[in-house]
Structures are given as structure tokens and as C-alpha cells.
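Results of the structural survey
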Amino acid sequence: MDSTLACLAEWMPRQRWYSSKGRSPLLRLLTTLEWPSDDPSARVRTLIVADEGAAVTVVYQVPLVLRTLPPSDAASIIATTDDGIVLIDGPRDRAYTDALWIELHTALGDSASTADMTAPAPRARLLTGEQSNTSVIFEPEGAPPVICKVFRQLHPGINPDIELQTALADAGSRHVPRSRGSVAATWASPDGSGPTEGSLAFAQEFLPDVSDAWRVARHAAESGESFAASAHALGAATADVHLSLARVLPTAAADPQAREAIGAAWRRRLDIATSEVPALTRHRESIAAVYARASDAVWEPLQRIHGDYHLGQVLHAKGRGWILLDFEGEPMRPMTERRRPDSPLRDIAGMLRSFDYVAGSLSMARGTPPPSHAWAEEARRAFLSGYHARSGLPATGPLLDAFELDKAVYEAIYESRNRPEWLDIPLAAIDRLVARGATVSPSATSE
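The rules behind each value
- Residues numbered from 1 in each chain as written.
- Predicted model: local features only at pLDDT ≥ 70, side-chain atom pairs only at ≥ 80, totals over all residues.
- Heavy atoms only, no water.
- 1 Å grid on protein atoms, 1.4 Å probe; cavity = no way out; pocket = protein on both sides within 12 Å on 5 of 7 lines; lining within 4 Å.
- Points joined across faces, edges and corners; volume = space filled by probe spheres on them.
- Nonpolar A, V, L, I, M, F, W, Y, C, P; charged D, E, K, R; others polar.
- Buried < 20%, exposed > 50% of the residue type's maximum accessible area, 1.4 Å probe, protein only.
- Helix = DSSP H or I, 4+ residues; strand = E, 2+ residues; numbered from the N terminus.
- Pairing = 2+ DSSP bridges.
- Contact = heavy atoms within 4.5 Å.
- Salt bridge = Lys/Arg side-chain N within 4 Å of Asp/Glu carboxyl O.

All right, on to empty space enclosed by the protein then. Within the structure shown, the criterion is met by two cavities of 30 Å³ or more. Within this model, the largest cavity holds a volume of roughly 70 Å³. What lines the largest cavity is G307, D308, Y309, E330, R346, D347, G350, F403, D406 and K407. Considering only residue class, the lining of the largest cavity consists of two nonpolar, two polar and six charged. Considering only enclosed or pocket space, the second largest cavity measures out at about 40 Å³ in volume. Its residues assigned to classes, the lining of the second largest cavity shows one nonpolar, three polar and two charged.

Structure, rendered in C-alpha cells:
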């Protein structure tokens, strides 16, 4: 096992889902799951490991297939251990995807609603692209396709993606895919406090022939077309989801304690940002002033929200309109924070920032100075109008300014760490938001 962990420590930092970039993993095995396989030449094994080389211990799921001979797909090979066993990235091997299908079927049972899962394991393919998890698409013969997300970072309790999407689907929302079940497991807690149960995988209907909202918006911006009608509809869909979540899951009053917890998170993020992004230092006091004004604003009740909402988390399906995905929440926030009732304005702010990113990325691609943001501003107004028309709730004011500013601060941290060439996009937004905040009179915060 020491040889296997050494191989994983070499391989994991090169994976998109590994969070502690620039650090060498220090792995400790928490548990091993053995899944049966019909392939006599393969052993299917999932390791759950704690990375104690990170600033904060992170628990990862690493599905493996162990073979004595290398597969034809060299890209799937992790390493060969000292005793000659070939370690293969599980989702890239048929033995693992067959076993995963069986585990999903076992978890689902034999209800009529899941009859499409009872057939022999179907053809499976890996979804490519930038992901913080790993997604496998199953294509059963004569049945609708299913996409299964294999969570790479694990947390105690049910994953919010499963919890929220299942609750919305059960409530009849047409703005999320239908759930097809999940897989859970138990592992030893890294701190030695006892066994921990959490989510390993989540299956839901796969929607073919859909359009990614980022690409739809980017095409409109490139073509000089208005995105207003689409943004208005997206605002209405967002309000529908928020209203459904408030109806089927608990809400909470925005009492002083809850407001202080959110404000503390804003300030904590600002501390990180000013230490990592020197260009933000000059705005520190102005940003803190925006946060202070927001604490005195009128707050609507808190509720469960998407938590990491942007155009990349939305699809457009013919006949169903906008479909929301990936309810795990913002990766940089602790899971305990992501599960708490929160302000819907966090989601609204995330989408507003996403419109700005469309305009900013287009400017970068063309090598031109930042545009006037007229396209983004039109999309912004239409989105807010659609949200208000459906919900009747206010979606403007100093509180939204604070959430939008916090999101831009988050983006500055992310870009400085991962895409320095994109850093100007959030920095320019912070300049605008701070300037706008400076024009807000103290009396306006209570209106």
C-alpha cells in the first residue's frame, strides 16, 4: 500500500481536481472499498485518502482498477507499483464503470422509476473538459442516458449537489435534471473522531443536444447580439429555483448572528485577497466600507441556494428552457458554510459577475482594451428584471453590491493563483464596484 500511495502522491498534483496546487501530497489511507467485477483480469478498488500536506487536510476519493497488464489507453495509467501492478484511473476503465453502474443500481433498488438502471452495465464514456469532479456518461440500450458525477473531494454528510437537486426534482422543478440515485460510503475521520459517512457519486438524467449558457452568451457577445431576452428568462428561472428551495427546505431569519457570520466570511476572504493580490491593498478600506453598509441593509430570509452560480453551471434545453447544474457550492468555502441557509443575492451576484466575464474574456481574445461593458450591463439589467418579475423580491441595493464585490474578490484570488492573465477582469470590476459604493449615502442602506 505504501507503494500505491507513493504513486498517487506523484500523480494527483497533475489532476484538475487536486486542490492544493504547488504542494506535494502527504497521503494517509482512511479506507479501501472493494467492488466486485466480472472481469477476472481486474480488481476494482476505491481508496479514500487524507492529504495532510495541504494547509487544511483534504479527503479525496481515488477510484482504481488494478491490472497485471497495461491497457491499450496509456493515458489511463497512473503508475506501476513496485510489485508490477498497473494502477489505472478508475473512471477510464470499463471494469470500474461496470462496477459503478451496479453500485448505483443497488442503491436505487427496483422501483419502476429506476427500471432503466436494471439492465446490464451499458457503454460508458468519460466526459471531458475542465471539472473539479469526474463525470461518466452511461448510455443504456433503449433507455435515456445517465450521467454520474464521481466526487473527488469528499465531505461528511450528503453532498449538497445531491440534496438540493433531488429536492428540486422531487418538487417538480423543470429547471434541474431528474435524479437517478447516489452512492455513499463510510471512512475513518482524519482527526480520529470516529467513522464518517459521505457521498461518493451522484447520477442524474443526461440531457443531450443542449447548449452551455456560457457559449450561448459568448456567441451573442461576439456577434454583437443582445442577450437581454435570454438573460430575462434566466433571471426568471433562477427565481423559480430559489422559490422552490425556500418552499421545500428550511429557511432562517437573517438575525444578527447569521449576518455577522456572512460578514466575517467576507472579511476573511478580503484578508486572503489583500495578502495574495497586492493591487487590492489600495481598496481594502473602501471594500470594508461596502461590507459595513451591507450589514445595516434590509435582509430577506436566508435559504438554501446554488452557491456557485454562473453561466457555466447552466444549460439550455429545447422545450425546457434553462437547466441549473452543480449545486455543490463554491469550492473555496468550507462545506459547513455551503450547507447553511444563505442569501439568494449570492447567486444573483455570481451570475452578474459571469456576464462581466463574457465581456472581459472577449476583450482578451481580441487583444483590445476592456470594452464599455454595455453588453454586460444590458444582460445584467434584463436578468435582474426577470428575477424580480418572477419573485417579487428586491435584487438591487447595497447588499447585492457587497455580495458582488465579495465574488469579485474571490475571483481575484482564483485568477492570481491559476490564470494571472485573467486577473484584470476582477480587478476592473472591483474598481467599478468600489466607485459605485462610494456614491451610496449611508441613509440609502436602510431603504
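A separate point is the pairing of strand β3 (residues 58-67). β3 sits mainly inside the fold: 10 of its 10 residues count as buried. Of the two faces of β3, the one lined by V58, Y60, V62, L64 and L66 and the one lined by V59, Q61, P63, V65 and R67 are each fully buried. Examined bridge by bridge, strand β2 (residues 43-51) and β3 share nine bridges and lie antiparallel to one another. By the bridge assignment for β3, R45 is matched with L64. Connecting β2 to the antiparallel partner β3 that follows it, the hairpin turn spans six residues. Relative to strand β9 (residues 153-154), β3 runs antiparallel, the two being bridged by two bridges. Of the residues in β9, the one forming a bridge with Y60 is Q153.

Among the structural elements, M364 can be located in helix α9 (residues 345-366). In this structure M364 comes out as partly exposed when scored by relative accessible area, which is 35%. Between the C-alpha atom of M364 and that of P331, which follows or precedes it by 33 residues, the distance is 26 Å. Setting aside chain neighbours within four positions, we find M364 in contact with E421, W422 and I425.

Under the defined criterion, the tally for this structure stands at 39 salt bridges. A salt bridge links E139 to R125; the nearest nitrogen and oxygen atoms lie 3.2 Å apart. With E139 in strand β7 (residues 134-139) and R125 in strand β6 (residues 123-126), this pair connects stretches of sequence that are 14 residues apart. Judged by its relative accessible area of 27%, E139 is partly exposed. Given a relative accessible area of 34%, R125 falls into the partly exposed group. A salt bridge links R390 to D240, with the shortest nitrogen-to-oxygen separation between them at 2.6 Å. One end of the pair, R390, is in helix α10 (residues 374-391); the other, D240, is in helix α5 (residues 228-248), with 150 residues separating them in the sequence. Relative accessible area serves as the criterion here: at 42%, R390 is assigned to the partly exposed category.

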